[in-house]
Every structure is written in structure tokens, then in C-alpha cells.
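An overview of the molecular structure
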Amino acid sequence: MTIAAEGPHAGAQVPDLAGEHVPDLAGVVPVEAAEVAPVEYIGLVTRAIAFAIDAAVIQFVAIAVAGTFALILSVISLSDELDTALVVIGSVAYVLWLVGYFVLFWSSTGQTPGNRVLQIRVCRLSDGEPPSAKLSVLRLAGLVLAALPLFAGFVPILFDDRRRGIQDMLAGTVVVLAPPQPDP
Amino acid sequence: MSSPVESALRTGGSLGVAVVRPLARGMSGAAIAGLDAVLASRLAAEVVDRVASSPLAGRALSAALEGPLLDALARDLVRYRVAERLMSDGLVEQATARVLESEELWLLVEEVARSPAVTDAIARQSVGFADQVAGGVRARSRGADTWLEQRARRLLRRRGTEPPDAVPPPDSVPPPDAVPP
């Protein structure tokens, strides 16, 4: 089934990267299912909003957990060395939470909660599947790299035909539209 | 001057009235007391229940509603300004205040608010509203994507609405079993 995509990418005919596998019907695959379907690559603003939602979720959880621990520790007198150690442990836990959040969501469904709200998903360019955990880590590293030079790494999204940033080019991923599938 | 016969009749009448009146009064009191006793009895309640639940009562009510009774009642309500009198007497306010003060009302409200139907409806409304907001954000953000790209490309003297080379190279086309519907 071929339908013209909307927006600047109208007319694009590519494999549908947003869907699910065709069920195995004893070797009989409908012709329509094997044909290409439209895909809409997602631009900078939508991705920024999705990232902001994710950042809000991450920070809310982190602040809630850190606040709880801080309250508990406030009634216990700790030595300076232990205090420093706790700060280090907290920092490591935060980084792990941050990395785990993105890697887990990207590699499992391709959608973080922010992506789900905006109905977009991250997938491999080659087959439309969610990136592996390794690729997800690479993509996250690319995200950090893209943000370091005053967010210059995101500028290619504005000019690339598939709207890919540095992180996408590094990991071989794209961000596409993923409308919710109707219930069977 | 009245004759002796008339005088005798008048005296007899007065005597009769003096005797019959207390008797009649006593009989009326006894009849009312008997009626009260009957009305308070279980039998009367049973009779009323049976009549009220009988098809006859339904037919009577239907006939009354079909007939001119309802129209006459409505006309009388208007003619005697029943609603205005109730409002001016403050009866409605008093009744409302009394109802609002009653604990039963708030128990009822609490029960209704806790009922699954109401909570489901509220949840559906909330989800629907959130979906509506998210849909608005999605539409606007995609418009902003396009706008920003056009501006950026125009800035660099590139075409803004160029269709992409979105078809992946042949070696990147997924195997048939991986192509989603």
C-alpha cells in the first residue's frame, strides 16, 4: 500500500518503519503487506519537545528519589568521607538511571514516554526495528556529542533528507512517525 | 301569640335538638376514630400497596395523564401563581438549605462520586482531554518542524520543500518477513 506522506517529505515511498511484523500465514503473505508504505521523518521541534518530556520525567524521578534519601540521611550524622562517597554513589546512580532510561526504551520499543506522547519512534534505518542496546548506547553518546558544541550536532536535522542528527548518523537510526496501531 | 300546639311543638323540637345533637356529635367522633384506626391498620396499608401495584392504578394514571386533568392542573398552577408563591415565601430556599444541610445528601453525593460509572467517566474525560492537548502539540510541532527547516534552508539558499530521497538503497530493504503491514 503506497500513500503519499504529508509535509515536505510527500511522495516518499519507503518501507514502513513504524509498524509491526506481518503475521506468518503459512507462507501466504498478502501482496499489499510486502509493498512499501509511507514514512514521515520527524524534525527538530517535535524531537526537542519529546526530549523535554523525557527530561522532565527523568528529573522528577531523580529529584523524588534524591529528596527521599536526603531526608533519611538528614537524621543520621555521617562522616565527611562517607558523605563524599554517598555523593559519588548518587552521581553514578543518576548517570545509570539516565543511560538506562534511554537505552531501555529505545532498545525495547523504540519509544520513550516523550516519544509516545508525540507519537514518534526511533528505529534502525536498515530494517525499521528498534535499535539494539549497543546501538542505543552509541546513539546516546552521539546525543551528548551533538549537544556539546552548543547543540550544533542537531543542525543536520534541518538539512538532512531523513532528518537525521549526529546521533542518528552515528547509530544508523532514524526517527519516524508512529501513530498508535488500532486494536485488532 | 302562639297557640299551645305550636308552643308544644317548639318545646318538643328544642328537646329533640338537645338530645340528638350530642348523639350525632358522638357518632361523628366515633366514625373518625374508627377511620383513623382502619387507616393505621396493616390491612389498609396492604390494600393501598395492592391497589398501587395493580394494573388498575397504572391504567388510572395513564387515563389521568391522557385526559384534561393535567392541563387543568397546569392552568391552575399558573392561575394561582403557585411557583411565585413558593418562591416568595422562601419555601424553596428553606427546602434547599435543609437539603444541603442534611448529611444524607452528602453521603449520597459521596456514593455517587465513588461509583465506578462516575469515576470511569471522569477518567475518560481526563484521558480525552490529555489526548486532545497532545494532539494539538503534535500538529503544531510538526508544522514548526517544517517551518524551521524551510527557514534554515532558505537561509543557506537551499530549497525548502524538496522531497527527500527517502527510498533506502536496495541492500537496506528489509527482508519480506520483517516488512511491517
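See above for the structure.
My aim in this report is to walk through the structure given alongside it, one point at a time. (Residues numbered from 1 in each chain as written. Chains lettered and ligands numbered in written order. Predicted model: local features only at pLDDT ≥ 70, side-chain atom pairs only at ≥ 80, totals over all residues. Heavy atoms only, no water.)

Let's shift gears to the nonpolar core. Residue and element names in this part refer to chain A. Of all hydrophobic cores here, the largest spans 15 residues; its most connected members are Phe 102, Trp 106, Ile 120, Leu 140, Leu 143, Phe 154 and Val 175. Each residue touching Phe 102, except ones within four places of it in the same chain, is listed here: Phe 51, Asp 54, Ile 58, Ser 107, Thr 112 and Leu 140. Counting six residues, the second-largest nonpolar core is a separate cluster that includes Val 39, Tyr 41, Leu 125 and Val 174. (Core = buried A, V, L, I, M, F, W, Y, C linked by side-chain atoms within 4.5 Å. Buried < 20%, exposed > 50% of the residue type's maximum accessible area, 1.4 Å probe, protein only. Contact = heavy atoms within 4.5 Å.)

Glancing now at helix H3 (residues 80–108) of chain A. Quick reminder: α-helices carry 3.6 residues per turn. Residues three or four places apart thus point the same way. Residues and elements named next belong to chain A. Given a rise of 1.5 Å per residue, 29 residues ought to cover 42 Å, and the 41 Å separating the end C-alpha atoms of H3 matches this to within 8%. Within the sequence span of H3, burial applies to Tyr 101, Phe 102, Val 103 and Trp 106. As for H3, its buried residues are in contact with helix H2 (44–74), helix H4 (113–118), strand E1 (120–124) and helix H5 (133–147). Positioned one or two residues after H3, Gly 110 has a phi angle of 80 degrees, which is positive. (Helix = DSSP H or I, 4+ residues; strand = E, 2+ residues; numbered from the N terminus. Expected span 1.5 Å × (residues − 1).)

This part takes up the packing of H2(A) against helix H8 (residues 116–155) of chain B. Where H2(A) meets H8(B), the closest approach of the two axes is 6 Å, and the angle between their N-to-C directions is 135 degrees. The angle between H2(A) and H8(B) falls in the class oblique. Every residue of H8(B) that contacts H2(A) at A:Leu44, A:Val45, A:Thr46 and A:Ile49 is listed here: B:Val137, B:Ser141, B:Arg142, B:Ala144, B:Asp145 and B:Leu148. Looking at the contact of H2(A) with H8(B) residue by residue, the class counts come to six nonpolar, two polar and two charged. (Axes fitted to C-alpha atoms, helices over the stretch in contact; angles between N-to-C directions. Parallel < 35°, antiparallel > 145°, perpendicular 65-115°, else oblique. Nonpolar A, V, L, I, M, F, W, Y, C, P; charged D, E, K, R; others polar.)

For the rest of this paragraph, the subject is the packing of H2(A) against H3(A). Residue and element names in this part refer to chain A. In the contact formed by H2 and H3, the axes pass within 11 Å of each other and the chain directions differ by 150 degrees. In terms of their interaxial angle, H2 and H3 are classed as roughly antiparallel. For the crossing formed where H2 meets H3, the hand is right-handed. Here Phe 51, Asp 54, Val 57, Ile 58, Gln 59, Val 61, Ala 62 and Leu 73 of H2 lie close against H3, whose contacting residues are Leu 86, Tyr 94, Trp 97, Leu 98, Tyr 101 and Phe 102. Looking at the contact of H2 with H3 residue by residue, the class counts come to 12 nonpolar, one polar and one charged. (Left-handed = near helix turned anticlockwise from the far one by under 90°.)

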